[in-house]
Amino acid sequence: MLVHLLFSSAMTAAGKRRTIERTIQGSGVSLPASVDAALGEGIGDPGMRFNLRRDLQLGYFIEFALRLKQQPLDHRNELLENHWQLRDFADATRWSTNEMRHILLHLLCPDEFERISSGTHKRQIAKAFAGFLPADAPADVDERLFAIRQRLQTFLPAGNTHDGRSSIDFYHQPLHAVWGTTSSGSSDGVADIETLLWKKQLVLYGPPGTSKTWQAGKLAETLIRQEAMKRWGAKQYFTHAQALDKAVEDNVFRLQLHPGIGYEQFIRGLRLEGNVTRYRPGYLPWVVTQLEAQNHPDGLAPLPGVLILDEINRTNVSEMLGEAFSLLERDQRGKPVQLPGFDEGQQPDVLVIPEDLYVIATMNEIDHSVESLDFALRRRFLWRECPFDRDALIEIITTRWTEDIAARFGLDEAAIEQVHTLADRAEALNAEIENSAELGRHYQIGHTYFADITFFVGTWTEGRRNRPPNSTYLWNSRGNPQPPLTDLWQRSLEPLLHQYLAGSDLRTDEINRFAEAFLGRP
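These figures come from a predicted structure and were not determined experimentally.

The rules behind the values
- By convention here, each chain's residues receive numbers from 1 onward along its written sequence.
- In keeping with the predicted nature of the model, local features appear solely for residues at pLDDT of at least 70, side-chain atom pairs appear and are counted solely at 80 or more, and the whole-chain, interface and lining totals rest on all residues.
- Note: side-chain values were computed over all heavy atoms of the structure, leaving out hydrogens and water.
- Pairs were defined over the aromatic rings of Phe, Tyr and Trp, the Trp ring being its six-membered one, requiring ring centres within 6.5 Å. Orientation was assigned from the angle between planes: stacked under 30 degrees, edge-to-face over 60, tilted for the rest.
- Numbering of helices and strands runs from the N terminus; a helix is a DSSP stretch of H or I covering at least four residues, while a strand is a stretch of E covering at least two.
- Accessibility here uses a 1.4 Å probe with only protein chains present; expressed as a share of the type maximum, an area under 20% marks a residue as buried, one over 50% as exposed, and anything in between as partly exposed.
- Here, over-ring charges are defined by two tests on the NZ atom of lysine or the CZ atom of arginine: distance to the ring centre within 6 Å, and angle to the ring normal within 35 degrees.
- If DSSP finds at least two bridges between two strands, the strands pair.
- Structural elements are reduced to axes, namely lines fitted to C-alpha atoms, with helices fitted over the stretch in contact, and the angle between N-to-C directions of any two is expressed from 0 to 180 degrees.
- Whether two residues are in contact is decided by their heavy atoms: any pair within 4.5 Å suffices.
- Here the nonpolar core consists of buried residues drawn from Ala, Val, Leu, Ile, Met, Phe, Trp, Tyr and Cys, with membership extended through side-chain atoms lying within 4.5 Å.
- Arc definition: directions from the helix axis to the C-beta atoms.
- Every residue carries a pLDDT, the predictor's confidence in it, which falls somewhere between 0 and 100.

## A look at the packing of aromatic side chains
Logical step 1: For the structure shown, the criterion picks out 18 aromatic pairs.
Logical step 2: For the pair Trp489 and Phe518, a centre-to-centre distance of 6.1 Å together with 25 degrees between the ring planes defines the contact as stacked. On the criterion of sequence distance, the pair formed by Trp489 in helix H24 (residues 483–500) and Phe518 in helix H25 (residues 507–519) is long-range, its members being 29 residues apart.
Logical step 3: Among the residues examined, Trp489 registers a relative accessible area of 1% and is labelled buried.
Logical step 4: By relative accessible area, Phe518 is classed as buried at 0%.
Logical step 5: Aromatic rings pair up to connect Phe129, Phe132, Phe155, Phe170, Tyr237 and Phe238 into one cluster.
Logical step 6: The cationic tip of Arg67 hangs over the ring face of Phe89; the distance from NZ or CZ to the ring centre is 4.2 Å.

Below, the structure written as structure tokens:
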């Protein structure tokens with residue numbers, strides 16, 4: 001359990017110790033105080049499944065350790081000295097490989113295996129930097145990453161971590177922007193960027209407040225930067241940072257959909273010009289024109305564009321798309337189709353959706369069920385659910401803390417513990433909502449709702465000289481909620497739940513049950 005938790009930076013040292021102590025309680029085994037420093041040194045965030053399926057992680061690790069101890073001493077030493085043999089040994093298991101496999105290899109051979117616990121991330125990085133590899137490069141992803149790292153050192157001789165050791169880390173900029181996207185929900189499943197490149201259309205759906213629009217923007221940026229690395233090459237990529245930043249700004253198009261947007265606004269409609277009515281192109285043809293007009297310095301190749309359709313459930317999407325409905329198909333890209341109706345004395349307009357235009361849509365599932373969309377439209381997109389994300393909530397709060405709260409009220413270890421408790425309570429509240437006969441999974445509350453806690457803490461502490469005892473910003477020493485937490489509940493969460501339960505005879509009972517799950521009222 002101790003080795004299992006060493007890697008995680010998503011848990012505090014106190015949280016790790018509590019987890020271990022709960023496990024060994026009554027066993028006669030004690031945890032020495034000397035491990036606290038190691039428990040506080042997180043290496044990376046292993047993701048949601050790392051904690052949800054600890055049985056799989058520890059099962060893999062225990063079986064690995066048993067097999068290693070069964071080897072003769074000479075063979076054990078040989079495995080530990082030859083990292084590729086050790087990799088093969090780690091993969092020769094009846095267990096499905098998981099985060100623990102990647103963590104073990106990094107802990108044992110940190111110079112050869114990246115500090116990456118996700119097989120999906122490794123695959124994404126290897127794909128994004130494939131241009132650094134020779135034609136006869138090995139197929140194994142760990143060997144490819146090792147070779148890519150060696151090649152990157154020629155372009156980033158000082159490294160990119162600014163730690164004085166010339167280190168290269170794929171989770172630091174400018175490298176992370178080339179490959180890093182949102183999670184797919186599985187550490188070894190298909191990534192969003194892979195899905196988008198394959199299908200060319202992706203819908204991010206889920207409850208309100210789950211960062212769908214933000215994720216769409218980051219995914220769009222990653223796609224453009226990744227293609228720039230492939231098309232421009234590493235040297236031009238690193239020396240034309242300003243041109244690339246401008247391309248990201250110019251080639252991402254965001255359209256907020258609403259009931260007033262239809263075919264006339266999106267494809268083509270009649271406009272009155274003086275006393276004459278004429279056909280004029282809508283938003284989509286304008287986007288295509290903007291992409292065709294790209295002009296990068298030094299003859300650099302054009303880059304793809306991404307159209308973000310925000311909240312597609314707020315309009316009739318099939319009607320809005322019109323002829324573009326069929327042109328979204330992979331095998332129809334680049335093919336022209338004539339639009340019906342044309343001005344007197346002119347040829348019909350032609351619509352073409354280029355190969356290089358990708359579409360990311362977002363949808364609040366609570367407003368319009370995924371299943372009720374046109375089935376033919378559904379087939380043209382791949383879909384990825386965006387649920388409440390505990391780790392994202394913690395990251396948002398820790399980032400906002402320094403912005404929204406005075407410096408004298410820093411985020412110390414005790415405050416971090418309270419933030420983690422808040423994330424636990426948010427999960428508990430959503431579990432109650434999912435199990436509610438009146439609501440259900442679609443009504444879960446997104447993590448951005450809970451992130452407003454920094455505003456309430458900042459306001460509460462504004463007139464205080466000293467921080468509350470033991471940094472009890474959210475719950476006092478008796479476990480009762482502090483004013484910032486009750487403000488968040490009363491001004492944001494409770495009104496939302498009241499709206500969800502409007503008309504229910506059980507509204508009062510449900511609200512009380514939800515309040516107990518979140519606030520922990522005694």
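## Looking at the sheet that holds strand S2 (residues 252–256)
Strand pairing in a sheet is mediated by backbone hydrogen bonds. Such pairs are either parallel or antiparallel.
Logical step 1: Here 5 strands make up an open sheet; going across it, the order is S2-S5-S8-S1-S9 and the pairing parallel. Two strands in the sheet have a free side with no partner beyond their single neighbour: S2 and strand S9 (382–385). Within this sheet the neighbouring strands show an average axis-to-axis angle of 20 degrees, counted without direction.
Logical step 2: The strands that helix H12 (residues 192–199) touches are strand S1 (201–206), strand S8 (357–364) and S9; relative to S1, the one it contacts most, it runs at about 135 degrees.
Logical step 3: Across the face of the sheet, helix H16 (residues 283–292) comes into contact with S2, strand S5 (305–310) and S8 while running at roughly 170 degrees to S2.

## Observations regarding the pairing of S5
Logical step 1: Across the 6 residues of S5, 6 count as buried, placing the element largely inside the fold.
Logical step 2: Side chains of S5 alternate between two faces, with Gly305, Leu307 and Leu309 and Val306, Ile308 and Asp310 buried alike.
Logical step 3: Of the pairings in the sheet, the one linking S2 to S5 comprises 5 bridges and is parallel in character. The partner of Arg254 across the bridge, within S5, is Ile308.
Logical step 4: Of the pairings in the sheet, the one linking S5 to S8 comprises 5 bridges and is parallel in character.

## Quick word on the nonpolar core
Logical step 1: In terms of nonpolar packing, the biggest core is built from 43 residues, with Phe129, Leu152, Phe170, Val306 and Ile360 touching the most fellow members.
Logical step 2: With 10 residues, helix H13 (residues 212–239) is the single largest residue contributor to this core.
Logical step 3: In this structure, Val306 is in contact with Ala220, Leu223, Ile224, Asn251, Val252, Phe253, Leu357, Tyr358 and Ile360, ignoring residues within four places of it in sequence.

## What about H16?
Logical step 1: Within H16, burial applies to Leu284, Pro285, Val287, Val288 and Leu291. In an axial view of H16, the angular spread of the buried residues amounts to 155 degrees, which keeps them on one side of the axis.

## Describing the confidence of the model for the chain
Logical step 1: For the chain, per-residue confidence averages 90 on the pLDDT scale, and residues scoring 70 or more make up 97% of the total.
Logical step 2: Here helix H4 (residues 48–52) stands out as the least confident element of the chain, with mean pLDDT 74; S5 is the most confident, with 97.

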